[in-house]
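Descriptive structure summary
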Amino acid sequence: MKKYILILLLAIIFNSCTEDKQTEIISVDPTKSKQVSFDELVNDYQLIKLEKPEGIEWGQINIIKKYKDYIFLADRFQTKTITVFDMEGNFIKQLNRAGDSPGDYNNLSLFTFDPVNNALVVYSRMQGVNIYDFETLEIQKEISISERYFMGLEWIANNQYFAIKEYNSSEEEGGFYVLGEDFSEQKELEIPNYNASIEISYPSTISRTDNDVLYNFSSDSSKVYALSENNMEVKHQINFGNSNIDSKAVWNAMESDEFEKEVFENKKATFIQFFRESENGLSFWFINGANEGQNNLAIYDKNTGASKVIRKIYDGEKDVTLDLYPKGILNDQYVTILNPESDLADKLAEAKARKIELGDDYLFVYDLKRGDE
């Protein structure tokens with residue numbers, strides 16, 4: 001009997017240790033940020049030329065996502081379209097249903113996917129959710145949602161969604177919810193909620209990496225949550241060291257003005273975006289006023305526990321600052337759309353011996369060196 005009790009106690013201790021290890025503490029110090037050259041930072045990259053047919057247009061791409069073996073480029077504000085390419089850059093289709101007819105959306109606020117029903121899910125603020133068959137782009141279902149606004153929407157599993165809801169016109173507070181297939185609330189997640197922070201929480205604070213949905217809440221930037229159909233647990237804890245950043249800044253205003261003031265004037269808040277995790281390390285982009293309100297890149301090496309913060313990325317020879325800020329995560333790599341007039345386009349054209357044509361549209365997909373390979 002004593003033997004079995006000992007085994008049971010050891011199992012309990014082992015399980016407790018395993019649970020403790022699931023929350024990894026990452027130390028990042030923005031005050032020690034530095035600039036590096038493109039070749040020091042980028043381990044490998046891929047250029048995907050987008051074969052855009054005549055008559056297919058978009059304005060500014062705001063979100064890039066992947067579903068199955070397809071790439072989705074969303075222009076939320078100008079053409080209000082979602083354009084689909086395969087992984088080689090061949091045009092597949094475009095959802096262009098901005099309008100007032102049945103099956104249309106009046107704006108393109110958010111979008112996600114429903115793998116169970118092979119559907120594209122589009123949310124239009126003050127209107128609701130339109131669900132389109134992925135193969136035909138024909139409307140399958142329209143669900144009216146007017147009582148609250150979604151500031152985040154991502155499919156989790158088993159016909160369930162993770163939703164960030166903003167306050168409504170009656171100033172009722174928003175929150176974090178698991179929604180069912182009909183987008184009704186199934187469970188409210190117990191996370192402190194500040195409306196001003198929710199307002200800027202999407203899309204760059206929700207990441208899908210290795211099939212995990214990760215989220216960083218702007219009012220407590222020290223925590224990175226892993227989402228599941230049943231709960232939301234802290235997977236990583238970020239320690240910003242001696243940078244005077246208040247990771248638990250509270251904003252009582254209904255708008256995001258207070259958040260911006262905390263970031264850029266008081267220099268004590270941080271906005272984490274595009275959290276990416278690989279076998280050897282993890283990385284994320286962040287903004288805080290202590291670093292001149294710029295997009296900074298943090299890289300953490302799981303093997304050594306070392307981290308670094310990149311303030312500027314430059315072309316070593318010309319000493320020109322290059323913009324590598326992503327629009328999404330593609331196959332666990334950062335991805336952005338290449339501006340043909342940017343200095344980055346010039347550098348890549350030279351590196352490829354002018355094999356790319358600067359007037360065309362390309363996706364720039366890149367991986368990082370040292371710890372996040």
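Scroll up a little and you will see the structure.
This report concerns the structure included in the present document.

Analysis parameters
Residues numbered from 1 in each chain as written. Predicted model: local features only at pLDDT ≥ 70, side-chain atom pairs only at ≥ 80, totals over all residues. Heavy atoms only, no water. Helix = DSSP H or I, 4+ residues; strand = E, 2+ residues; numbered from the N terminus. Buried < 20%, exposed > 50% of the residue type's maximum accessible area, 1.4 Å probe, protein only. Contact = heavy atoms within 4.5 Å. Pairing = 2+ DSSP bridges. Axes fitted to C-alpha atoms, helices over the stretch in contact; angles between N-to-C directions. Core = buried A, V, L, I, M, F, W, Y, C linked by side-chain atoms within 4.5 Å. Patch = residues over 30% accessible without salt bridge, like charges linked within 9 Å, V, L, I, M, F, W, Y side chains within 5 Å. Areas by Shrake-Rupley, 256 points an atom, 1.4 Å probe, with all protein chains shown as cover. Salt bridge = Lys/Arg side-chain N within 4 Å of Asp/Glu carboxyl O. Lys, Arg positive; Asp, Glu negative; His and termini not counted. Charge placed at Lys NZ, Arg CZ, Asp CG, Glu CD. Phe/Tyr/Trp six-rings, centres within 6.5 Å; stacked < 30°, edge-to-face > 60°. Lys NZ or Arg CZ within 6 Å of the ring centre and 35° of its normal.

**What about the overall build of the chain?**
What the chain contains, in helices and strands, is 5 helices and 27 strands. The buried share of the chain, reckoned over its 373 residues, is 53%. When contacts within the chain are restricted to residue pairs at least 6 apart in sequence, those whose partners lie at least 24 apart make up 52%.

**A word on the sheet that holds strand β17 (residues 212-216)**
In space, the 5 strands of this open sheet follow the order β1-β19-β18-β17-β16, with mixed pairing throughout. Two strands bound the open sheet, and with one partner strand each, they are β1 (24-27) and β16 (206-209). Strand-to-strand twist of the sheet, defined as the mean angle between neighbouring strand axes without regard to direction, takes the value 30°. Alignment of β16 against β17, held across 4 bridges, turns out to be antiparallel. Pairing of R208 across the sheet is with V213, part of β17.

**Quick notes on the side chain of N216**
Along the chain, N216 falls in strand β17. Those residues within four positions of N216 in sequence are excluded, and the remaining contacts are T205, S221, K223, V224 and I272.

**A look at the sheet that holds strand β15 (residues 185-189)**
Taken together, the 4 strands give an open sheet; going across it, the order is β12-β13-β14-β15, and neighbouring strands pair in antiparallel fashion. For this open sheet the edge positions go to β12 (149-155) and β15, each flanked by a neighbour on one side alone. The average angle at which neighbouring strand axes cross in this sheet is 25°, direction not considered. Direction of pairing for strand β14 (residues 175-179) relative to β15: antiparallel, over a ladder of 4 bridges. By the bridge assignment for β15, L179 is matched with E185.

**Regarding unusual backbone geometry**
Positive phi, normally seen in glycine, also occurs at N118, with a value near 50°. Structurally, the position occupied by N118 is in the loop between β8 (110-114) and β9 (119-124). For N118, a relative accessible area of 16% puts it in the buried group. In this structure, L137 is a non-glycine residue whose phi angle is positive, near 60°. With respect to the secondary-structure elements, L137 resides in the loop between β10 (128-133) and β11 (139-144).

**Description of the environment of K318**
Relative to the helices and strands, K318 resides in the loop between β23 (307-315) and β24 (320-321). Separated by 29 residues in sequence, K318 and K347 place their C-alpha atoms 9.7 Å apart. Leave out the neighbours within four places in its chain, and K318 touches D346 and E350.

**Details of the nonpolar core**
In terms of nonpolar packing, the biggest core is built from 32 residues, with V129, F150, L153, F162, L179, F183 and Y215 touching the most fellow members. Sorting the residues of this core by element identifies β9, β10, β12, β13 (161-166), β14, β17 and β18 (223-227) as the ones contributing at least two each. Tallying contributions element by element places β12 first for this core, with 5 residues. Ranked by size, the runner-up nonpolar core spans 25 residues in total, among them Y325, L348, Y362 and F364.

**Quick notes on a negative patch on the surface**
Together, D39, E40, E317 and E350 give the surface a local cluster of negative charge. Looking at the element boundaries, E350 is found in helix α5 (residues 343-351). Given a relative accessible area of 46%, E350 falls into the partly exposed group.

**Structural notes on the pattern of salt bridges**
Inspection of the entire model under this criterion finds 9 salt bridges. Residue R208 pairs with E154 through a salt bridge whose shortest N-O separation is 3.3 Å. Placement of the pair is R208 in strand β16 and E154 in strand β12, with a sequence separation of 54 residues. A salt bridge links D315 to K347, with the nearest nitrogen and oxygen atoms 3.7 Å apart. Of the two residues, D315 sits in strand β23 while K347 sits in helix α5, which places them 32 residues apart along the sequence. Judged by its relative accessible area of 5%, D315 is buried. Accessibility expressed as a relative area gives 13% for K347, which makes it buried. Residues joined by salt bridges that share partners form a network here, namely K65, E154 and R208.

**Quick word on the packing of aromatic side chains**
Tallied over the entire structure, the rule returns 25 aromatic pairs. Centroid distance F111 to F113: 5.8 Å. Interplanar angle 85°. Geometry classified as edge-to-face. A relative accessible area of 1% means that F111 is categorised as buried. Centroid distance F176 to Y215: 5.8 Å. Interplanar angle 55°. Geometry classified as tilted. Placement of the pair is F176 in strand β14 and Y215 in strand β17, with a sequence separation of 39 residues. For F176, a relative accessible area of 1% corresponds to the buried category. Three or more aromatic residues joined by ring pairs make a cluster, and in this case those are F38, Y45, F274, W285, Y325, Y334, F364 and Y366. One Lys or Arg, K93, reaches over the ring of F134 and ends 4.5 Å from the middle of that ring.

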